[in-house]
Amino acid sequence: MNFERIDPILSFKELSQVIALDHNFMTYPWSEKQWKSIEEKNYALYIAKSGPILAFALYQLSPAESLAHLLKIVVAPTQQGVVSSSFFAMQKNSLSSLGLSRIYLEVSEKNLRAQQFYKKMGFELLRVAKNYYTDGSQALMMQLHL
Ligand SMILES: CC(C)(COP(=O)(O)OP(=O)(O)OC[C@H]1O[C@@H](n2cnc3c(N)ncnc32)[C@H](O)[C@@H]1OP(=O)(O)O)[C@@H](O)C(=O)NCCC(=O)NCCS
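In what follows, the accompanying structure is described. A quick note: this is a predicted structure, and the numbers were derived from the prediction, not measured.

Calculation criteria
Residues numbered from 1 in each chain as written. Predicted model: local features only at pLDDT ≥ 70, side-chain atom pairs only at ≥ 80, totals over all residues. Near = placed C-beta within 6 Å. Helix = DSSP H or I, 4+ residues; strand = E, 2+ residues; numbered from the N terminus. Nonpolar A, V, L, I, M, F, W, Y, C, P; charged D, E, K, R; others polar. Expected span 1.5 Å × (residues − 1). Buried ≥ 20, exposed ≤ 12 C-beta atoms within 10 Å, placed from the backbone. Arc of directions from axis to C-beta. Contact = placed C-beta atoms within 7 Å. Pairing = 2+ DSSP bridges. Right-handed = clockwise from strand over helix to strand, strands pointing away.

**As for the site of the ligand**
In the vicinity of the ligand lie 17 residues, with Q80, G81, S84, L112 and Q116 positioned nearest. When contributions to the shell around the ligand are tallied by element, the ones reaching two or more residues are β4 (67–75), α3 (84–97) and α4 (112–120). The biggest single contributor to the shell around the ligand is α4, with 6 residues. Partitioning the shell around the ligand into residue classes produces 9 nonpolar, 6 polar and 2 charged.

Have a look at this one:
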């Protein structure tokens with residue numbers, strides 16, 4: 001399995017595979033328009049690839065706050081429990097080398113597997129936001145210092 005940072009993002013030939021993972025496995029996937037409106041310099045996209053792309057993670061970067069906001073992470077079901085920890089470790093190293101010192105994310109109260117993964121990776125709960133998602137469910141806001 002190869003891990004890579006994709007830069008630039010929008011001209012990446014295999015972006016459609018990333019978007020397909022988003023559509024297949026995220027509860028609230030982005031539209032094509034949302035993907036196309038990414039401002040390259042403020043985002044970091046990571047992929048895991050073994051032939052096809054089997055995982056990705058997308059961050060919005062706020063260098064002024066030394067902050068990386070994890071917007072999306074998807075690992076294909078065949079690779080869950082296999083590559084996620086090493087894939088995330090690569091992302092941490094890369095973000096740290098970009099000068100960032102903190103990762104922030106929101107996760108649904110219903111997504112117990114993702115919550116467990118983030119806890120295992122060292123994320124701490126910051127606060128809970130009520131009525132955060134369109135179905136009225138809560139979000140857990142979590143962060144990790146790099
Ligand atoms: C979130 C995601 C990237 C995590 O990667 P993963 O490979 O599944 O994570 P891991 O298997 O390493 O860790 C998940 C942990 O949750 C545990 N787990 C699995 N199902 C669970 C459940 N229903 N309730 C609680 N814990 C659960 C696993 O046992 C594992 O813990 P362990 O390593 O201590 O045994 C992956 O599940 C995924 O892509 N999910 C779909 C997209 C998604 O929800 N993304 C996150 C949006 S915020």
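Anyway, onward from the coordinates.
**Things to note about α3**
An ideal rise of 1.5 Å per residue puts 20 Å on 14 residues; α3 measures up with 20 Å between its terminal C-alpha atoms. For α3, every residue scored as buried is listed here: F87, F88, Q91 and L95. Angularly, the buried residues of α3 cover 95 degrees about the axis, an arc narrow enough to put them on a single face. Across from the buried face of α3, at angles greater than 90 degrees, the exposed residues are S85, S86, A89, N93 and S97. In the core, the buried residues of α3 are packed alongside β1 (2–6), β2 (43–49), β3 (53–62), β4 and β5 (102–108). G99 occupies a position one or two residues after α3 and carries a positive phi of about 95 degrees.

**Here we look at the pairing of β5**
Each regular strand shows side chains that alternate between the opposite faces of the sheet. Taking every second residue as pointing to the same face, the buried face of β5 carries I103, L105 and V107, while none of R102, Y104, E106 and S108 on the other face is buried. Summarising the sheet, β4 and β5 pair through 3 bridges and their orientation is parallel. Residue H69 lies in a different strand from β5, and its bridge partner there is Y104. Taken together, β4, α3 and β5 form a β-α-β motif whose crossover is right-handed. Relative to strand β7 (residues 139–145), β5 runs antiparallel, the two sharing 7 bridges. Pairing of L105 across the sheet is with M142, part of β7.

These figures come from the coordinates and say nothing about function on their own.
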